Structures are given as structure tokens and as C-alpha cells.
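Residues per chain, in single letters:
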Amino acid sequence: MRRSPAAARRPRAAVLAVALLAATAAFALGPRPAAAALAKEQAKQWTSYLDDALDSSIGSTKLSAGALNKVLTAHDFSTPLSSALGSVAYTGGNGRLRRVVSDLLAGKPVKIVAIGGLATNGTDASAPGKNDYFAIYVDYLSKAFPGATIQSLRSSVGLAPSAVVAGCIEKFLPPDADLVLLEMTANDGATMDSSIVNAFQPRGYESLVRKVLGGSRQPAVVLTQSMAPGMGNATKPFFMTPEAPQYSAVAGYYDVPVVSMRNALWPQGKDEAEGLMSTDAVLPADGSTPTDLGHAALADALVLLTQRTAQDLQLLPFGDWDMNALNADVPAKSMYGGVVDNEAWTLRNATCGWVRNATVSATGGCPATVGDMCGLDFSNWNAIRAGYAAAVPEIFGDDGSKGKGAIIGGVVGGVVGGLGAVGGLIGLAISRQKKRAAAEEAAWNAKAGGNAAGLPITASSGAQV
Ligand SMILES: *[C@@H]1O[C@H](CO)[C@@H](O)[C@H](O)[C@H]1NC(C)=O
Ligand SMILES: *[C@@H]1O[C@H](CO)[C@@H](O)[C@H](O)[C@H]1NC(C)=O
Ligand SMILES: *[C@@H]1O[C@H](CO)[C@@H](O)[C@H](O)[C@H]1NC(C)=O
Ligand SMILES: *[C@@H]1O[C@H](CO)[C@@H](O)[C@H](O)[C@H]1NC(C)=O
């Protein structure tokens, strides 16, 4: 399954040699001939990149040895190196994360937000707020970049799928996020079977990724892929997760890095039938919710991605070409049809599929719009079903045209659930600018409806760095 290291190394070395040769040759010849296939602007970007690459001599550190040492040693890995390396599944151009890590190295303030399901809530970590993946990662950042002001926000979506989170995005994404960890594979995988090629949920996911990328501070996004239900208790095989191929296609299209808990744990699972894994890193009952081991694996993946980005910045400092990538708009055209030009229906259809497959609706109806879902309490299935029955106007018939609305009151109920109560437990915001941050958050919360109303958002203060 895996290529032997030697086999993998040779072609890469060859590619590198060719690239270096080409760059050197171009330098020796003076102005580089523009490659015929490239537009002027594209050729300029390459030139700028190569100038930076050639300027930075390999191994030179702009950072002091002490600073780099902190970045590389502030975390204890629990995943074996080969698995940890495999868990950094995709980095792409990484421009936005390179910006964030540059800022961290430069001691600037950075706000990190985790948006996701039970893993992100810290459910089933033995000490949520201390040893769940987000807590470990934020703790690492504060130790690795002691000069930076790190603010963190945990935005738990409960069991809600991507389409609903996309449809209610203002509740989950604060405007000043610099880095967003998006942990949605377990939620989206809950209702998927081998027909995951059906693109309803991937469309909802694409919409969500676009919205997060469109955040006002052009946040870096890391697709933080936890395991789909059944994967860790040997009921669903390696491939049966939205993580691949659909979500990795989204990652490639938007050039967003991906870390994978599945890859980190594979093949550390106990031997099962081909393609199956049984691991202590998730709850046996659902094969998905991380235990302490699983949280540690996910944190390892995020730390390694961050370290490699910092090392990469040593070899190749943040350059103009990074800025170009950073300032580029979210592409006007989506990868899947309908995500941009028919967004309301796309999200509604994805939500409809989820509502039916997860038997959220007792009658088999669908929400009239995804917005009708925003007020529900997503902390457990009973709460979702009760809230849905009470508050969501249903439509029967796939095209929505036969709107025989079973509307039982417009009241959006039941928001004050388990999620709203997480606040005090998960004290993670590490900030020297608590007041300003609190004011910003208050403004955001007021706009989004208010934490007092039980929004599934928790931000609180933790240790000063
Ligand atoms: C394994 O996980 C699946 C999916 O969550 C669940 O339905 C099943 O009951 C679990 N199996 C066991 C033996 O607990
Ligand atoms: C939504 O679903 C309906 C019924 O399956 C279909 O006719 C329509 O094309 C879908 N729209 C989008 C944008 O997916
Ligand atoms: C619901 O299940 C069907 C049949 O298994 C599948 O084709 C579809 O993709 C699922 N929908 C969602 C939104 O998961
Ligand atoms: C979130 O975690 C808290 C413990 O920190 C727990 O009480 C709560 O039930 C969890 N919520 C969900 C939806 O799992």
C-alpha cells in the first residue's frame, strides 16, 4: 500500500534537482524566458517565488536557534513519526497558514477558532479543556511562540452537518479569526454509506469551506479530519469517509491543508479484516469520538503541520507570491455545481438528505430552508428531533413545491442545551488583550444572537502566556 521510502525518494530528488537546475540556469542566463504556457502574471509569480527561494540558503535560520528550538520541542508527540508524517495529508501552497505562522513567529496577535463536532467539543476526553486536541494544540502554540498573543475560541456545532453550519455560519465563525480548524468529517459521515459519492454533503461542505475562507481576515483553514462513525470500531472500511475522495478534492480545489486522524492511526489499529481498523483511540460504541489517544493523535498532526510550516518559512521566507495567494479571492466558481449559483437549494437539499437519513424528521418532511435549522440544539439526537418537530416548517415532496407546511409555531426553541454549558469548562483563550477581545466577541455575539441565548460558542480565558 505504501511506497517504499527509497522508491518515493528517488523521483522527488530528481524533480528537485531539475527544478534547481532550471532555476540556476535561468539565473545564469539573465532574464528568464517566459514559459510559453504561462500568462505574464503567472510567470511573474514564479519569478518572485524563485527569487525568494534562491535568496534563502538552505539551512539558514532567520530565527534564533532558541526560538526554533521552542517550535520544535514544545510538544511531546505520542504518534510514531511515520504515522504522524502520514497524518499531514496535504499542505498545498499553504499561503494562509504560512502567514499565520509568520505572525506567530513575529509575536503578533493571532486568533484561532475550532469549528466542529464532538471531537472539537472535547467530548470523551478525560479532561476537556486540558487534553482534548484543541486544548493540546493551543497549549503547544502558546509554548512554541511565547512572544505571540494567542486567542482561542471553541465553536462546537454538536452533531450538525456542514450544510447546516454553512447555512448558519454567522453563529459559528467570528469575524476576526486568523486560523480556523474545521472538524466536520465525523458529523457529515454519520449519515453516509457507500453512496458517499452522492454529492449532497460534499456540496454543503464546499459551501462551508468557501464561507470560512471568505472571512474578513482571510483566515487560514486547516481541514481537521477526525474519523467517520464506525471507522475505528471495524464496522466501516478505510475509504468510507467523506475525508476522501470528496473532501480532499475540496482541499485541492481551494488549496487548503488537511490533517487526518485516520492516517495517524492507520495501521496502528489492531488487525482486522482488510480495510477495517479497531482502535482504542476512539469510543468503541460509535467508532468515531476520540478518546485521549485520539485527541493526542489529532493534536500531533496539527503540531507537525505547524512545525513544518515554520521550518518551511526558514527555508523560504514569506514572500510576495504568498501575498498573492493570500489576497486572491475565494474562486468565483465552485468545484461542485450549485454551490454558488443555487446555494439556498444546495444547502437545503443537503440538509434534507441529512434530516431523512438521520431520521430527524418523524414524518419524512424536509426543512423549508436551511435557515430554519439554525435555532436548534444540536448537542444530542433527542434534542435535535424535539427541536425540529417543534420549530422547523417542513415541506413534503423533493422539489419543495408542494409546500404543505407542517409549521408548528415559529419559535426557535431549545438552544440552551449541553453546548451552551460548555463555557467554563473549556478555558482556552490565552490573551493579553482580553478586554478588547471580549468587546469584539460581545459585538459579534450581539450580532449573532448572543451567548446568553445559548449559542454553541465558548470563549473564555485561560492561562496568560
Ligand atoms: C460501531 O460504530 C457504529 C457507527 O457509529 C455503531 O453503529 C455500532 O453500533 C458500533 N459497534 C459496536 C460494536 O459498538
Ligand atoms: C434539490 O433537490 C431537488 C429534488 O431532488 C432537485 O430537483 C434539485 O435540482 C436540487 N437542487 C439543487 C441545487 O441541488
Ligand atoms: C442519505 O442516504 C442515501 C442512501 O444511502 C445516500 O445516497 C445519501 O447520500 C445520504 N444523504 C446524506 C445527506 O448523507
Ligand atoms: C461537550 O463537552 C462537555 C464536557 O466538556 C459535555 O458535558 C457535553 O455533553 C458535551 N457536548 C456534546 C454535544 O457532546
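These numbers were taken from a predicted model, which means no experiment stands behind them.

Q: Kindly report on the overall build of the protein, identifying the contributing residues and their values.
A: Per the secondary structure count, the protein includes 18 helices and 11 strands. When each of the 465 residues of the protein is scored for burial, the buried share is 51%. Restricting the contact set of the protein to residue pairs at least 6 apart, pairs at least 24 apart contribute 79%.

Q: Any chance you could break down the pattern of salt bridges for me, citing the residues and the numbers?
A: Inspection of the entire model under this criterion finds 12 salt bridges. For the salt bridge of aspartate 178 with arginine 99, the shortest nitrogen-to-oxygen distance reads 3.4 Å. Taken together, the residues aspartate 178 in the loop between helix H9 (169–172) and strand S4 (179–183) and arginine 99 in helix H5 (residues 95–105) connect sequence positions 79 residues apart. Judged by relative accessible area, which is 0%, aspartate 178 ranks as buried. On the basis of relative accessible area, arginine 99 is assigned to the buried category, the value being 13%. Each of Arg99, Asp103, Lys108, Asp178 and Arg217 takes part in salt bridges that share partners, so that together they form one network.

Q: Explain the nonpolar core to me, using residue names and the numbers behind them.
A: In terms of nonpolar packing, the biggest core is built from 46 residues, with Tyr133, Phe145, Leu179 and Leu181 touching the most fellow members. Among the elements of the structure, H5, strand S2 (109–116), helix H7 (133–144), S4, strand S5 (220–225), helix H13 (261–265) and helix H14 (292–315) are those that each provide at least two residues to this core. Per-element accounting of this core gives the leading share, 10 residues, to H14. The contacts of tyrosine 133, once residues within four sequence positions are left out, are Ala114, Ala119, Thr120, Leu181, Glu183, Thr224, His295, Leu298, Ala299 and Leu302.

Q: Go over the pairing of S4 with me, naming the residues and quoting the values.
A: Across the five residues of S4, five count as buried, placing the element largely inside the fold. Where burial is concerned, the two faces of S4 agree: the one with Leu179, Leu181 and Glu183 and the one with Val180 and Leu182 are both buried. By the bridge criterion, five bridges tie S2 to S4 in an arrangement that is parallel. Bridge pairing in S4 places valine 113 opposite valine 180. Sheet topology places S4 next to S5; four bridges connect them, and they run parallel. The residue bridging leucine 179 from the neighbouring strand is alanine 220, located in S5.

Q: How would you summarise the state of the cysteines if you had to cite specific residues and measurements?
A: Taken as a whole and assessed by the stated rule, the structure comprises two disulfides. Two residues share a disulfide in this structure: cysteine 168 and cysteine 374, whose sulfurs sit 2.1 Å from each other. Sign of the S-S torsion, about -95° for the bond between cysteine 168 and cysteine 374, identifies this disulfide as left-handed. Of the two residues, cysteine 168 is situated in the loop between helix H8 (162–167) and H9 and cysteine 374 in the loop between strand S9 (366–367) and helix H17 (381–391); the sequence distance between them amounts to 206 residues.

Q: Just give me the short version of the packing of aromatic side chains, but keep the residues and values in it.
A: In the structure shown here, the tally under the stated rule is seven aromatic pairs. Between tyrosine 253 and tyrosine 254, the ring centres sit 4.9 Å apart and the planes meet at 70°, which makes this aromatic pair edge-to-face. The interplanar angle of 35° and the centroid separation of 5.8 Å between the aromatic rings of tryptophan 354 and tryptophan 381 together place this pair among those described as tilted. Taken as a pair, tryptophan 354 in helix H16 (residues 343–357) and tryptophan 381 in helix H17 lie far apart in primary sequence, 27 residues in all. Residue tryptophan 354 is classed as buried on the basis of its relative accessible area of 1%. Overall, tryptophan 381 belongs to the partly exposed group, its relative accessible area being 28%. Feature note: the residues Trp354, Phe378 and Trp381 constitute an aromatic cluster, connected by ring pairs. A cation over an aromatic ring shows up here: arginine 262 above the ring of phenylalanine 238, its NZ or CZ 3.8 Å from the ring centre.

Q: Describe the site of ligand 1, with residues and values.
A: Taken together, Pro229, Gly230, Asn233, Thr235, Pro284, Ala285, Asp286 and Gly287 make up the full set of residues near ligand 1. Contact between ligand 1 and proline 284: an oxygen atom at 3.3 Å from a main-chain N or O atom of the residue. With respect to ligand 1, the backbone of aspartate 286 contributes an N or O atom lying 2.9 Å from an oxygen atom. Here ligand 1, which alone exposes 360 Å², has 45% of that area covered by the protein. Here the residues of the shell around ligand 1 are counted per class, giving three nonpolar, four polar and one charged.

Q: Give a detailed account of the confidence of the model for the protein, specifying residues and quantitative values.
A: Per-residue confidence for the protein gives a mean pLDDT of 79; residues scoring 70 or more make up 75%. Ignoring residues within four places in sequence, the model shows residues 400–438, a span with pLDDT below 50, making 99 contacts including any to other chains. Between residues 447–465, whose pLDDT stays under 50, and residues either more than four places distant or in other chains, the model counts 55 contacts.

Q: Describe the pairing of S2, and please don't skip the residues or the numbers.
A: Counting buried positions along S2 yields seven of eight residues, so the element is predominantly enclosed. Sheet analysis places S2 next to strand S3 (residues 149–156), joined by eight bridges and oriented parallel. Opposite isoleucine 115, over in S3, you have serine 155 as the bridge partner.

Q: Help me get a handle on the packing of H7 against H14, residues and values and all.
A: Two elements in contact, H7 and H14, have axes separated by 8 Å at closest approach and are oriented at 35°. Our pair here, H7 against H14, has a crossing hand that is right-handed. Residue-level inspection shows Tyr133, Ile136, Tyr137, Tyr140 and Leu141 of H7 in contact with H14, the latter providing His295, Ala296, Leu298, Ala299, Leu302, Val303, Thr306 and Gln307. Classifying every residue of the contact of H7 with H14 gives 10 nonpolar, three polar and no charged.

Q: Explain the side chain of asparagine 187 to me, using residue names and the numbers behind them.
A: Assignment of secondary structure puts asparagine 187 in helix H10 (residues 185–189). Classification of asparagine 187 by relative accessible area gives buried; the value is 4%. Within the structure, asparagine 187 has its side chain in polar contact with the backbone oxygen of alanine 160 (distance 2.7 Å).

Q: Kindly report on H5, identifying the contributing residues and their values.
A: In terms of burial, H5 is largely enclosed, as 10 of its 11 residues are buried. What H5 keeps buried is the set Gly95, Arg96, Leu97, Arg98, Arg99, Val100, Val101, Ser102, Asp103 and Leu104. Phi for glycine 107, located one or two positions after H5, is positive at around 75°.

What counts as what
- Residues numbered from 1 in each chain as written.
- Chains lettered and ligands numbered in written order.
- Predicted model: local features only at pLDDT ≥ 70, side-chain atom pairs only at ≥ 80, totals over all residues.
- Heavy atoms only, no water.
- Helix = DSSP H or I, 4+ residues; strand = E, 2+ residues; numbered from the N terminus.
- Buried < 20%, exposed > 50% of the residue type's maximum accessible area, 1.4 Å probe, protein only.
- Contact = heavy atoms within 4.5 Å.
- Salt bridge = Lys/Arg side-chain N within 4 Å of Asp/Glu carboxyl O.
- Core = buried A, V, L, I, M, F, W, Y, C linked by side-chain atoms within 4.5 Å.
- Pairing = 2+ DSSP bridges.
- Disulfide = S-S within 2.5 Å.
- Phe/Tyr/Trp six-rings, centres within 6.5 Å; stacked < 30°, edge-to-face > 60°.
- Lys NZ or Arg CZ within 6 Å of the ring centre and 35° of its normal.
- Near = heavy atom within 4 Å.
- Polar contact = N/O pair within 3.5 Å; in protein donor to acceptor, adjacent residues only side chain to side chain.
- Areas by Shrake-Rupley, 256 points an atom, 1.4 Å probe, with all protein chains shown as cover.
- Nonpolar A, V, L, I, M, F, W, Y, C, P; charged D, E, K, R; others polar.
- pLDDT = per-residue confidence, 0-100.
- Axes fitted to C-alpha atoms, helices over the stretch in contact; angles between N-to-C directions.
- Left-handed = near helix turned anticlockwise from the far one by under 90°.

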